[in-house]
Amino acid sequence: MNTFQPCPMDQLEMNPFTKIGKEWALVSAGNADKCNTMTVSWGGVGVLWGKNVVYIFIRDSRYTKEFLDNGELFSLSFLGEEYRGALNYCGSHSGRNEDKFAAAGLSPAFRNNIPYPDEANLVLLCRKMAVVPISEDTFTDPEIASRWYTDHDMHNMYVGEILEAVTR
């Protein structure tokens with residue numbers, strides 16, 4: 001198990017456009033008895049409601065959504081490029097019928113009862129603050145629905161307060 005150290009939020013150095021949009025992240029939720037993880041590449045970090053937050057987007061059909069909906073806590077984790085295969089796997093396979101952590105070659109670890117992959121370099125431990133369903137009637141750009149939602153498998157935006165950032 002790796003040793004992670006707290007990192008003050010004002011000292012966190014990350015470009016969310018690169019970290020989330022290009023390098024991707026894993027969102028993990030659940031507990032020691034059962035947890036799941038999945039790759040996310042849509043989202044961001046910022047300040048909302050007076051708190052440091054992350055926001056991520058999860059489709060209705062994703063198994064990890066059940067864990068996010070049934071719990072209060074989750075993590076957003078960033079791994080090095082050597083884990084690109086694991087990130088690809090976690091974004092294209094369901095954990096419904098397998099231990100996705102193990103199948104991707106990752107080890108689940110826990111901090112304050114929040115799961116995350118032990119192989120991460122940076123982990124944002126979060127408390128769910130809001131879930132906002134995305135619906136086609138909210139789009140002002142008609143290309144969004146025709147490009148991203150031809151199957152009508154819509155996203156939900158999850159906003160989480162960052163309780164702690166930890167790094168190796």
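Scroll up to find the structure this text is about.
We now turn to the structure provided with this report. (Residues numbered from 1 in each chain as written. Predicted model: local features only at pLDDT ≥ 70, side-chain atom pairs only at ≥ 80, totals over all residues. Heavy atoms only, no water.)

1. A look at the side chain of T64
Here's step 1: Within the secondary structure, T64 sits in helix α2 (residues 63-70).
Here's step 2: In this view, T64 contacts V27, N36, T37 and M38; residues no more than four positions away in its chain are not counted. (Helix = DSSP H or I, 4+ residues; strand = E, 2+ residues; numbered from the N terminus. Contact = heavy atoms within 4.5 Å.)

2. A few points about the pairing of strand β8 (residues 114-117)
Here's step 1: Of the two faces of β8, the one carrying I114 and Y116 and the one carrying P115 and P117 are both buried.
Here's step 2: Of the strand pairs in this sheet, strand β7 (residues 108-111) and β8 are connected by four bridges, and their pairing is antiparallel. For R111, the partnering residue across the bridge sits in β8 and is I114.
Here's step 3: The hairpin formed by β7 and β8 contains two residues between the paired strands, and N112 there has a positive phi angle of roughly 55°. (Buried < 20%, exposed > 50% of the residue type's maximum accessible area, 1.4 Å probe, protein only. Pairing = 2+ DSSP bridges.)

3. As for the pattern of salt bridges
Here's step 1: A full pass over the atoms with the stated rule returns seven salt bridges.
Here's step 2: K19 is the partner of E23 in a salt bridge, and the nearest nitrogen-oxygen pair spans 3.2 Å.
Here's step 3: On the basis of relative accessible area, E23 is assigned to the partly exposed category, the value being 27%.
Here's step 4: Between E161 and K51 there is a salt bridge, with the nearest N and O atoms lying 3.8 Å from each other. Taken together, the residues span a long stretch of sequence, with E161 in strand β10 (residues 155-167) and K51 in strand β5 (residues 51-59) at a distance of 110 residues.
Here's step 5: For K51, a relative accessible area of 31% corresponds to the partly exposed category.
Here's step 6: Within this structure, K51, R127 and E161 form a network of salt bridges that share partners. (Salt bridge = Lys/Arg side-chain N within 4 Å of Asp/Glu carboxyl O.)

4. Let's talk about α2
Here's step 1: Along α2, the positions that sit buried rather than exposed are Y63, T64, K65, F67 and L68.
Here's step 2: Tucked inside the fold, the buried residues of α2 contact β2 (25-30), β3 (35-40), β5, β6 (73-78), β9 (122-133) and β10.

5. Considerations on unusual backbone geometry
Excluding glycine, residues mostly carry a negative phi; peptide bonds, for their part, are mostly trans.
Here's step 1: The phi dihedral of W49 falls on the positive side, at around 55°, and the residue is not glycine.
Here's step 2: The backbone phi angle of N113 is positive, close to 65°, even though this residue is not glycine.
Here's step 3: Relative to the helices and strands, N113 is located in the loop between β7 and β8.

6. As for the side chain of E164
Here's step 1: Within the element layout of this structure, E164 appears in strand β10.
Here's step 2: With relative accessibility at 19%, the residue E164 sits in the buried group.
Here's step 3: Separated by 3.0 Å, the side chains of E164 and R111 make a polar contact.
Here's step 4: Apart from residues no more than four positions distant in its own chain, E164 is found in contact with P6, R111, N112, V123, L124 and L125. (Polar contact = N/O pair within 3.5 Å; in protein donor to acceptor, adjacent residues only side chain to side chain.)

7. So, the nonpolar core
Here's step 1: If you look at the biggest cluster of nonpolar residues, it comprises 23 residues, and the most contacted ones within it are V27, L76 and L124.
Here's step 2: Going through the elements one at a time, β2, β3, β5, α2, β6, β9 and β10 are the ones with two or more residues in this core.
Here's step 3: Apart from residues no more than four positions distant in its own chain, L124 is found in contact with L12, V45, V54, F74, S75, L76, F78, I162, E164 and A165.
Here's step 4: If you look at the next biggest cluster of nonpolar residues, it comprises 17 residues, including F4, L26, C90 and A120. (Core = buried A, V, L, I, M, F, W, Y, C linked by side-chain atoms within 4.5 Å.)

8. A few points about helix α3 (residues 84-92)
Here's step 1: Within α3, burial applies to R84, A86, L87 and C90. Within α3, the buried residues cover an arc of 160° as seen down the axis, which keeps them to one side.
Here's step 2: Elements in contact with the buried residues of α3: β2, β3 and α4 (100-103). (Arc of directions from axis to C-beta.)

9. Considerations on the environment of Y55
Here's step 1: Turning to its location among the elements, Y55 is positioned in strand β5.
Here's step 2: In this structure the C-alpha to C-alpha distance between Y55 and C90, which are 35 residues apart in sequence, comes to 19 Å.
Here's step 3: Once you skip the residues sitting within four places of it in the chain, Y55 turns out to touch W42, G43, G44, V45, M157, Y158 and V159.

Shape is all these values report; function is a separate question.
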